[in-house]
Amino acid sequence: MNTTTISLLVQGSPFSSNACEQALEFAKATVRSDYRLYRVFFYKDAVLIANKSHNVPSDERNIQREWIEFASDQSVQLCVCVGACERRGIHNQQGTDSSEGFEIVGLGQLTEAMFKSDRLVTFQ
């Protein structure tokens, strides 16, 4: 039996859209099913989820922490676009401004995910 491989492309801001939350719920459903989750790629304003200075009030959902825990538990790569990060003040260098659990990469990682996956599901 062949397992369908899925990658996710998340584009909506974690602050002004529900794209990050919907993508996480979809990712959880994917790994509970017979599908394989290959990679999650955050692009455009969605890269803000990787900001190390991301502070959430204690009575609100911490979607950044949830993504990090999910990726760790499932061994899923969380990629954020380097260009989108640089435009939003998240730097790719020693002493990085990105939170642990997220890897700052180029668009080549998105292209590779599209080639290695049967489906690319987008959340805006």
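Coordinates for the structure precede this section.
Rules used in this analysis
- Residues numbered from 1 in each chain as written.
- Predicted model: local features only at pLDDT ≥ 70, side-chain atom pairs only at ≥ 80, totals over all residues.
- Heavy atoms only, no water.
- Helix = DSSP H or I, 4+ residues; strand = E, 2+ residues; numbered from the N terminus.
- Buried < 20%, exposed > 50% of the residue type's maximum accessible area, 1.4 Å probe, protein only.
- Areas by Shrake-Rupley, 256 points an atom, 1.4 Å probe, with all protein chains shown as cover.
- Lys, Arg positive; Asp, Glu negative; His and termini not counted.
- Charge placed at Lys NZ, Arg CZ, Asp CG, Glu CD.
- Phe/Tyr/Trp six-rings, centres within 6.5 Å; stacked < 30°, edge-to-face > 60°.
- Core = buried A, V, L, I, M, F, W, Y, C linked by side-chain atoms within 4.5 Å.
- Contact = heavy atoms within 4.5 Å.
- Expected span 1.5 Å × (residues − 1).
- Arc of directions from axis to C-beta.

Draft legend 1. Just the overall build of the protein chain, in detail. A tally of helices and strands in the protein chain yields 4 helices and 5 strands. For the protein chain, the N- to C-terminal ordering of α and β elements is β-α-β-α-β-α-β-α-β. The C-alpha extent of the protein chain, read off along each of the three principal axes, is 45 × 35 × 25 Å. Taken across its 124 residues, the protein chain has 43% of its residues classed as buried. Here the protein chain displays about 6,900 Å² of accessible surface, and carbon together with sulfur accounts for 42% of that area. Looking at the protein chain, you have 12 positive and 15 negative side-chain charges, and the mean spots of the two groups are 5 Å apart.

Draft legend 2. Structural context of the packing of aromatic side chains. One pass over the full model with this rule turns up 5 aromatic pairs. Taken together, a centroid distance of 6.0 Å and an interplanar angle of 85° make the contact between Trp-67 and Phe-70 edge-to-face. In this pair, Trp-67 and Phe-70 both sit in helix α2 (residues 63-74), 3 residues apart, roughly one turn of the helix. Both residues of the pair, Trp-67 and Phe-70, count as buried. Within the aromatic cluster, the residues linked to one another by ring pairs are Phe-42, Trp-67, Phe-70 and Phe-102.

Draft legend 3. Broad picture of the environment of Asp-59. If you trace the backbone, Asp-59 turns up in the loop between β2 (36-42) and α2. Given the relative accessible area of 70%, Asp-59 is considered exposed. Each C-alpha atom of the pair Asp-59 and Gln-74 lies 26 Å from the other, and the pair is 15 residues apart in sequence.

Draft legend 4. Geometry of the nonpolar core. Residues Leu-8, Val-40, Phe-42 and Trp-67 are the most contacted members of the largest nonpolar core, which totals 34 residues. When residues of this core are traced back to their parent elements, those giving at least two are β1 (5-10), α1 (19-32), β2, α2, β3 (77-81), α3 (82-87) and β4 (103-105). Looking at this core, the element that brings in the most residues is α1, giving 5 residues. Setting aside its immediate chain neighbours within four residues, Val-40 contacts Leu-8, Val-10, Trp-67, Val-76, Gln-77, Leu-78 and Cys-79.

Draft legend 5. Highlighting α1. Over its 14 residues, α1 runs 20 Å from end to end, which matches the ideal 20 Å to within 8%, given 1.5 Å per residue. For α1, the full list of buried residues reads Ala-19, Cys-20, Ala-23, Leu-24, Ala-27 and Thr-30. Looking straight down α1, one finds that the buried residues subtend no more than 130° of arc, so they occupy a single side. As for α1, its buried residues are in contact with β1, β2, α2 and β5 (119-123).

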